[in-house]
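Take a look at the letters that make up each chain.
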Amino acid sequence: MVAIGCGDADGDSGLEIALLGRRKIQLGRVRAHAFVAHAETTWSALGTVAPAPLREPLAAVDFLPRRGILVGSTDRRRGAWLTPELKKEKDLSPGVLPVPGLGCALHQGIALTGVYDCFTSSSREGGRAVSNADAVAGATVLDAQGKSRRITAVRSAADGMLGLYGDRQKEARVAKIGGAIAIADVDLDGTPELVASTDAKTAATDALVVASFSEEGAVLERYRVPVPEGVRALAVCPPDGAGPRAIVVATPSKLYIVR
């Protein structure tokens, strides 16, 4: 597994999970504690191989509510907008990967840079926050007063340091964060959370970490869940009722739902 996403692709109010591997893309739901795909396609059906694919690919998926998903991988020359049936609707601009909550980031060499429109490659506001990154995440969060703020998380490809940026709060730097990251208001209290893997040297010591990011720039760990198989990818689902939002974690062999 290279990347995962969670959302409502077809507008039926039921949450779906998108799984991106190196060869195929699946869209489905969890039924009786197992993932059941109801749509599937292959990367080879979407486009040609990239001139110089990375040994460890970067890939991403973003849900377009009621309109399908955006997918991209450094294995391919360009990504695509797919319908809820995983039929190609439109190609993305060459070399961009979708970033939930932000737009698309451009793949250059072994890193990501900028924030762009996924179809035209024109720069979008906030693009300067992304430079030489190997992981990017973003979200717009409503605080307790109903005011919105956009949060961007950028992990440096050079030293693995994670930067957290907000349009209404101080910046923060966080060490020991892995390459799987997401930004979301997990408990719906108006404070954004960083959801991430760790920079564990072995899979046996990896974990899912959830930390709050205050307007004063403080990053406070709320909890962590050991994932001894190692975290390959993660995503935070949209709200689907009372209680915290679901976090989907992919390991080399399983999917876990954390609430």
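Before reading on, note that the structure itself is shown above.
A.B. asks: Please give an account of unusual backbone geometry that cites residues and values.
C.D. replies: Of all residues except glycine, most have a negative phi; of all peptide bonds, most are trans. Residues other than glycine seldom take positive phi values, yet Ser13 does so here, at roughly 70°. Take Ser13: it is sitting in the loop between β1 (3-7) and β2 (16-20). The backbone of Leu86 sits at a positive phi, close to 65°, despite the residue not being glycine. Looking at where Leu86 falls in the secondary structure, it is placed in the loop between β7 (80-82) and β8 (88-91).

A.B. asks: Please set out the sheet that holds strand β18 (residues 207-213) residue by residue, giving values where relevant.
C.D. replies: The strand order across the open sheet formed by four strands is β16-β17-β18-β19, and the pairing between neighbours is antiparallel. Sheet topology places β16 (177-184) and β19 (219-226) at the edges, where each strand pairs with a single neighbour. Across the sheet, the mean angle from the axis of one strand to that of its neighbour is 20°, orientation sign disregarded.

A.B. asks: Tell me about the packing of aromatic side chains, and name the residues and values.
C.D. replies: This structure, assessed with the given rule, holds one aromatic pair. Residue placement shows Lys90 over the ring face of Phe119; its charged tip is 4.7 Å from the ring centre.

A.B. asks: Residue-level account of the sheet that holds strand β3 (residues 24-31), with values.
C.D. replies: Reading across from one edge, β1-β2-β3-β4 is the order of the four strands in this open sheet, with antiparallel pairing throughout. The sheet terminates laterally at β1 and β4 (34-42), the two strands that pair on one side only. Taken over all neighbouring pairs, the strand axes of this sheet differ in orientation by 25° on average, direction set aside. Two strands pair when backbone bridges link them, and β3 and β4 are joined in this way by eight bridges, in the antiparallel orientation. By the bridge assignment, Leu27 is partnered in β4 with Ala39.

A.B. asks: Let's hear about the pattern of salt bridges: which residues, and what values?
C.D. replies: If you walk through the whole model with that rule in mind, you get twelve salt bridges. Residue Arg22 pairs with Asp75 through a salt bridge whose shortest N-O separation is 2.9 Å. Placement of the pair is Arg22 in the loop between β2 and β3 and Asp75 in the loop between β6 (68-73) and β7, with a sequence separation of 53 residues. Among the residues examined, Asp75 registers a relative accessible area of 10% and is labelled buried. Linking Asp187 and Arg222 is a salt bridge whose minimum nitrogen-to-oxygen distance equals 2.9 Å. Residue Asp187 is located in the loop between β16 and β17 (193-198), and its partner Arg222 is located in strand β19; the two are separated by 35 residues in the primary sequence. Note on Asp187: relative accessible area 27%, which makes it partly exposed. Each of Asp10, Asp12 and Arg29 takes part in salt bridges that share partners, so that together they form one network.

About the thresholds
- Residues numbered from 1 in each chain as written.
- Predicted model: local features only at pLDDT ≥ 70, side-chain atom pairs only at ≥ 80, totals over all residues.
- Heavy atoms only, no water.
- Helix = DSSP H or I, 4+ residues; strand = E, 2+ residues; numbered from the N terminus.
- Pairing = 2+ DSSP bridges.
- Axes fitted to C-alpha atoms, helices over the stretch in contact; angles between N-to-C directions.
- Phe/Tyr/Trp six-rings, centres within 6.5 Å; stacked < 30°, edge-to-face > 60°.
- Lys NZ or Arg CZ within 6 Å of the ring centre and 35° of its normal.
- Salt bridge = Lys/Arg side-chain N within 4 Å of Asp/Glu carboxyl O.
- Buried < 20%, exposed > 50% of the residue type's maximum accessible area, 1.4 Å probe, protein only.

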